[in-house]
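The residues making up each chain are set out below.
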Amino acid sequence: MVKYLIVILILFLFQTAQASEIIGFPKVIDGDTLRIKSYKIRLEGIDAPEMKQICEKPYLQIIIFNFQKNYNCGQLSKKKLTNKIANKKVKCLVSGKDRYKRYLAKCLRGSINLNKWMVRNGYAIAYRKYSTLYVLDENFAKEEKLGLWEGTFTRPEKWRKLN
């Protein structure tokens, strides 16, 4: 009987240790959130601008003067993620849930890690509060002045607190 219980316990622990998968055609909610079927999925380790968030980017430079214009960086982030997914099937590897009961996951379109792609191209930042996984990708985007890093912006977490 004891052996039987140990085997069941080991099988249970093995199953719960493995990441579950959610696969399907996603609806993009914003730059770091997807919905597949009834599952709301937060792209783990990244933070994208909020849908109403405004950022600035340069549009004209005359000698020493830089002129910037406002743009909706939250909507642009969503659009870039939507275009990258391109109505293809996505596989999300779930690692847990956040306090809002969204599934935390690394999501892949084919072999492309969407979390990494968003940060590396400057449409989201590494969410250092929860993970350091994409810090090098953020540094790359910052050095190359890609996406958000082309201009100025408020970090999404700070923007949420202020608004």
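Please read all numbers here as calculations on a predicted model, not as lab measurements.

Visitor: Describe the overall build of the chain, with residues and values.
Guide: Counting its regular elements, the chain contains 5 helices and 11 strands. A burial count over the chain gives 36% of its 163 residues as buried. A sequence separation of at least 24 residues applies to 54% of the contacts in the chain between residues at least 6 apart. Of the roughly 10,600 Å² of accessible surface on the chain, a fraction of 56% belongs to carbon and sulfur atoms.

Visitor: Kindly report on the state of the cysteines, identifying the contributing residues and their values.
Guide: Scanning the entire structure with this criterion turns up 2 disulfides. Between Cys 55 and Cys 73 runs a disulfide, and the two sulfur atoms are separated by 2.0 Å. One quick way to see it: the torsion about the S-S bond of Cys 55 and Cys 73 is about 55 degrees, and its sign makes the bridge right-handed. Taken together, the residues span a long stretch of sequence, with Cys 55 in strand β6 (residues 54-62) and Cys 73 in helix α2 (residues 73-85) at a distance of 18 residues. The same class applies to Cys 55 as to Cys 73, namely buried. Across the disulfide from Cys 92 sits Cys 107; the S-S distance is 2.1 Å. Disulfide Cys 92-Cys 107: torsion about the S-S bond near 110 degrees, hence right-handed. Pair noted here: Cys 92 is in strand β8 (residues 90-97) and Cys 107 is in strand β9 (residues 103-109), with a separation of 15 residues, a long-range link. Each member of the pair, Cys 92 together with Cys 107, is buried.

Visitor: So what's going on with α2? Which residues, and what values?
Guide: When the terminal C-alpha atoms of α2 are compared, their 18 Å separation across 13 residues agrees well with the 18 Å that a helix rising 1.5 Å per residue should span. Of all the positions in α2, only Cys 73, Gly 74, Ser 77, Leu 81 and Ile 85 are classed as buried. Axial view of α2: buried residues confined to an arc of 115 degrees, hence all on one face. The N-cap residue of α2 is Asn 72: its side-chain oxygen and the backbone nitrogen of Gly 74 are 3.1 Å apart. Of the residues flanking the end of α2, it is Ala 86, one or two places downstream, whose phi is positive at about 50 degrees.

Visitor: Talk me through the side chain of Arg 42; I want residue IDs and the actual numbers.
Guide: Tracing the chain through its elements places Arg 42 in strand β4 (residues 39-43). At a separation of 3.3 Å, a polar atom in the side chain of Arg 42 contacts the side chain of Asp 47. If we skip the residues at most four places from it in the chain, Arg 42 touches Asp 32, Thr 33, Asp 47, Asp 98, Arg 102, Tyr 103, Leu 104, Ala 105 and Tyr 127.

Visitor: Describe a nonpolar patch on the surface, and please don't skip the residues or the numbers.
Guide: Taken together, the side chains of Tyr 59, Leu 60, Ile 62, Ile 63, Ile 64, Phe 65 and Phe 67 present a nonpolar region at the surface, about 780 Å² in accessible area. Of all the secondary structure elements, the ones that give two or more residues to the nonpolar patch are β6 and β7 (65-72). At 3 residues, β6 tops the list of elements feeding residues into the nonpolar patch.

Visitor: Account for the pattern of salt bridges, naming residues and giving values.
Guide: Here the structure, examined in full by the defined rule, presents 10 salt bridges. The residue Lys 116 makes a salt bridge to Asp 137 at a minimum N-O spacing of 3.1 Å. Residue Lys 116 is found in helix α3 (residues 114-120), and its partner Asp 137 is found in helix α4 (residues 135-144); the two are separated by 21 residues along the sequence. Each of Asp 32, Arg 42, Asp 47, Glu 50 and Arg 160 takes part in one network of salt bridges that share partners.

Visitor: Run through the nonpolar core, naming residues and quoting values.
Guide: The biggest cluster of nonpolar side chains holds 24 residues, and the ones touching the most others in it are Leu 34, Ile 41, Leu 81, Cys 92 and Cys 107. When sequence neighbours within four positions are dropped, the list of residues in contact with Leu 81 reads Val 28, Asp 30, Gly 31, Leu 34, Leu 43, Leu 114 and Met 118. One finds Tyr 71, Ile 125, Leu 148 and Trp 149 within the second-largest nonpolar core, a separate group that totals 7 residues.

Definitions and cut-offs
- Residues numbered from 1 in each chain as written.
- Predicted model: local features only at pLDDT ≥ 70, side-chain atom pairs only at ≥ 80, totals over all residues.
- Heavy atoms only, no water.
- Helix = DSSP H or I, 4+ residues; strand = E, 2+ residues; numbered from the N terminus.
- Buried < 20%, exposed > 50% of the residue type's maximum accessible area, 1.4 Å probe, protein only.
- Contact = heavy atoms within 4.5 Å.
- Areas by Shrake-Rupley, 256 points an atom, 1.4 Å probe, with all protein chains shown as cover.
- Disulfide = S-S within 2.5 Å.
- Expected span 1.5 Å × (residues − 1).
- Arc of directions from axis to C-beta.
- Polar contact = N/O pair within 3.5 Å; in protein donor to acceptor, adjacent residues only side chain to side chain.
- Patch = residues over 30% accessible without salt bridge, like charges linked within 9 Å, V, L, I, M, F, W, Y side chains within 5 Å.
- Salt bridge = Lys/Arg side-chain N within 4 Å of Asp/Glu carboxyl O.
- Core = buried A, V, L, I, M, F, W, Y, C linked by side-chain atoms within 4.5 Å.

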